[in-house]
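Residue-level listing of the chains:
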Amino acid sequence: SGINAEYGQYHPSLVIPINRPQTASVIVHIDIDCFFVSISLCNRPHLRGKPVCVTHARSNEKSDSYAEISSCSYEARKFGVKNGMFLGKALKLCPDIVTVPYEFDAYHKASNELYRILVEKTPYVEVVSCDEAFLDIIELVDATDESTIQCFVQELRSEIKSSIGCTVSAGIGPNKLVARMATRAGKPNGQFLCYSESSVAEYIKSQPLQSLPGIGRSTFHKLESKSFKLCSDLLSRTQSDLSELLGPKDW
């Protein structure tokens, strides 16, 4: 893994894959909140606190518009608006939603700055997208002291916010799966640490199955039909049980 040229000026040789052989990792998952919308609001502060979405269409288009929403603010999400939704449906849910256009140059600039900050901290960075990444900070913190981990991530988030102008959420865990799941608990504009063996076990057991990467709508419906709703519901099942239900390719 390396930083794709589409997201920054850094060549892949400047970063090192996270899945390196070692005894332990402290993985941080960084995710800019509502990236496209957040960038738009940097130059439109009067729209903060309002339902906003990024799309090719305009709010005055007909309510049956099939223009797709790529990003929407948390204020819009309160009305049921989601990323990927058609504008027409969004307008029915939230008639006062404000649309703003794409600003690709601004996205590129912000993404480049994000990765500049991350790579300056550690070469162990893994790109997920233009606004999302993993980094391993095991060499930068005392892994036995959760307070130092929390402080490091808080300072990192503050630096990104100060430089880019967007709030950042983060999840911290011993691996990428746990870190990514932890970010959901930190959103928006927060962070959540789930690192010790006991806290990881308890946290994952309490999470809905949809929070697991790879479990989409179809797979979830199959599991739900057998009364599986939480990750803990799977713990008493064998791999053969799940293969019988979902097929061998899924497990």
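Scroll up for the structure.
Numbers given for residues are sequential positions, taken from 1 along each chain in its written order. Reporting in this predicted model follows two pLDDT cut-offs: at least 70 for local features of residues, and 80 or more for side-chain atom pairs to be given and counted; totals over whole chains, interfaces and linings ignore these cut-offs and use all residues. Calculation of side-chain values draws on the structure's entire complement of heavy atoms; hydrogens and water are dropped beforehand.

A short note on the overall build of the chain
Turning to step 1, where the next piece is worked out: Going along the chain from the N terminus, every DSSP run of H or I of four or more residues is numbered as a helix, and every run of E of two or more is numbered as a strand. Secondary structure summary: the chain contains nine helices and eight strands in total.
Turning to step 2, where the next piece is worked out: For each residue, the accessible area found with a 1.4 Å probe, counting protein chains only, is set against the maximum for its type, and the residue is called buried under 20%, exposed over 50%, and partly exposed in between. Looking at the chain residue by residue over its 251 residues, the buried ones come to 47%.
Turning to step 3, where the next piece is worked out: Whether two residues are in contact is decided by their heavy atoms, any of which lying within 4.5 Å being enough. Here the analysis covers contacts within the chain between residues at least 6 apart in sequence; of these, 56% occur between residues at least 24 apart.
Turning to step 4, where the next piece is worked out: Calculation of accessible area relied on Shrake-Rupley with a 1.4 Å probe; when residues are assessed, cover is drawn exclusively from the protein chains displayed. With an accessible surface of roughly 13100 Å², the chain has 51% of that area assigned to carbon and sulfur atoms.

Looking at helix H1 (residues 35-42)
Turning to step 1, where the next piece is worked out: Burial runs high along H1: seven of the eight residues are buried.
Turning to step 2, where the next piece is worked out: Of all the positions in H1, only Phe35, Phe36, Val37, Ser38, Ile39, Ser40 and Leu41 are classed as buried.
Turning to step 3, where the next piece is worked out: Check the buried side of H1 and you find it contacts strand S1 (27-32), strand S2 (52-54), strand S3 (71-72), strand S4 (98-100), helix H4 (104-121) and helix H5 (146-164).

Quick notes on the environment of Tyr124
Turning to step 1, where the next piece is worked out: Examined against the element boundaries, Tyr124 turns out to sit in the loop between H4 and strand S5 (125-129).
Turning to step 2, where the next piece is worked out: Using a relative accessible area of 13% as the deciding quantity, one classes Tyr124 as buried.
Turning to step 3, where the next piece is worked out: Along the chain, Tyr124 and Ile138 lie 14 residues apart, while their C-alpha atoms are 9.7 Å from each other.

A short note on the packing of aromatic side chains
Turning to step 1, where the next piece is worked out: Any two of the Phe, Tyr and Trp rings considered here, Trp counted by its six-membered ring, make a pair once their centres fall within 6.5 Å; the pair's planes then place it as stacked at under 30 degrees, edge-to-face at over 60, or tilted in between. Inspection of the entire model under this criterion finds eight aromatic pairs.
Turning to step 2, where the next piece is worked out: Between Tyr102 and Phe104 the ring centres are 5.2 Å apart and the planes differ by 5°, which places this aromatic pair in the stacked class.
Turning to step 3, where the next piece is worked out: Exposure remark for Phe104: the relative accessible area of 52% places this residue in the exposed category.
Turning to step 4, where the next piece is worked out: Ring plane angle 40° and centroid distance 5.1 Å describe the contact between Phe192 and Tyr203, whose orientation is recorded as tilted. Placement of Phe192 in strand S8 (residues 191-193) and of Tyr203 in helix H7 (residues 197-206) is noted, with a sequence separation of eleven residues between them.

Observations concerning the sheet that holds S4
Turning to step 1, where the next piece is worked out: Strand pairing is defined by DSSP finding a minimum of two bridges between the two strands. With mixed pairing, three strands are arranged side by side in an open sheet as S3-S2-S4. Each end of this open sheet is capped by a strand with a single partner; those strands are S3 and S4.
Turning to step 2, where the next piece is worked out: Relative to S3, S2 runs antiparallel, the two sharing two bridges. Paired with Cys53 across the two strands is Cys72, which belongs to S3.
Turning to step 3, where the next piece is worked out: Each axis is a line fitted through C-alpha atoms, and for a helix only the stretch in contact is used; angles between axes span 0 to 180 degrees, taken between their N-to-C directions. Strand contacts of H1: S2, S3 and S4, with the helix running at about 110° to S2, the strand carrying the most contacts.

Some remarks on the pairing of S1
Turning to step 1, where the next piece is worked out: For S1, the buried fraction is high: six of the six residues fall into the buried class.
Turning to step 2, where the next piece is worked out: Here S1 shows a buried face lined by Ile27, His29 and Asp31 and a second buried face lined by Val28, Ile30 and Ile32.
Turning to step 3, where the next piece is worked out: As defined by bridge partners, S1 adjoins strand S6 (residues 132-136) across five bridges and the pair is classed as antiparallel. Looking across to S6, one finds that Ile30 is bridged to Ala133.

Overview of the side chain of Ser25
Turning to step 1, where the next piece is worked out: By the secondary structure assignment, Ser25 is in the segment before S1.
Turning to step 2, where the next piece is worked out: Excluding residues within four positions of it along the chain, Ser25 makes contact with Asp136, Ile138, Gly173, Pro174 and Tyr195.

A look at the nonpolar core
Turning to step 1, where the next piece is worked out: Remark: nonpolar core denotes a set of buried residues (Ala, Val, Leu, Ile, Met, Phe, Trp, Tyr, Cys) joined through side-chain atoms within 4.5 Å. Of all hydrophobic cores here, the largest spans 42 residues; its most connected members are Ile30, Leu118, Ile137 and Ile160.
Turning to step 2, where the next piece is worked out: Counting residues per element, the ones that place at least two in this core are S1, H1, S2, H4, S5, S6, H5 and strand S7 (168-173).
Turning to step 3, where the next piece is worked out: Looking at this core, the element that brings in the most residues is H4, giving seven residues.
Turning to step 4, where the next piece is worked out: Discounting chain neighbours no more than four positions away, the residues touching Ile160 are Ile30, Leu114, Ile117, Leu118, Gly165, Cys166 and Val168.
Turning to step 5, where the next piece is worked out: The next biggest cluster of nonpolar side chains, apart from the first, holds 15 residues, and it includes Leu212, Phe220, Leu234 and Leu242.

Remarks on the pairing of S5
Turning to step 1, where the next piece is worked out: Summarising burial for S5: four of the five residues are buried, a large majority.
Turning to step 2, where the next piece is worked out: Where S5 meets S6, four bridges bridge the pair, whose relative direction is antiparallel. Opposite Val125, over in S6, you have Leu135 as the bridge partner.
Turning to step 3, where the next piece is worked out: Between S5 and S6, which pair antiparallel in sequence order, lie two residues.

Re the sheet that holds S8
Turning to step 1, where the next piece is worked out: Judged by pairing direction, the sheet is mixed, and its five strands sit side by side in the order S5-S6-S1-S7-S8 without closing on themselves. Since the sheet does not close on itself, it has two edges, and those belong to S5 and S8, each with one partner. Along the sheet, successive strands turn relative to each other by an average axial angle of 15°, direction set aside.
Turning to step 2, where the next piece is worked out: Direction of pairing for S7 relative to S8: parallel, over a ladder of three bridges. Note on S8: the bridge partner recorded for Ile172 is Leu193.
Turning to step 3, where the next piece is worked out: Against the sheet, H5 contacts S1, S6, S7 and S8, and its axis sits at roughly 155° relative to S7.

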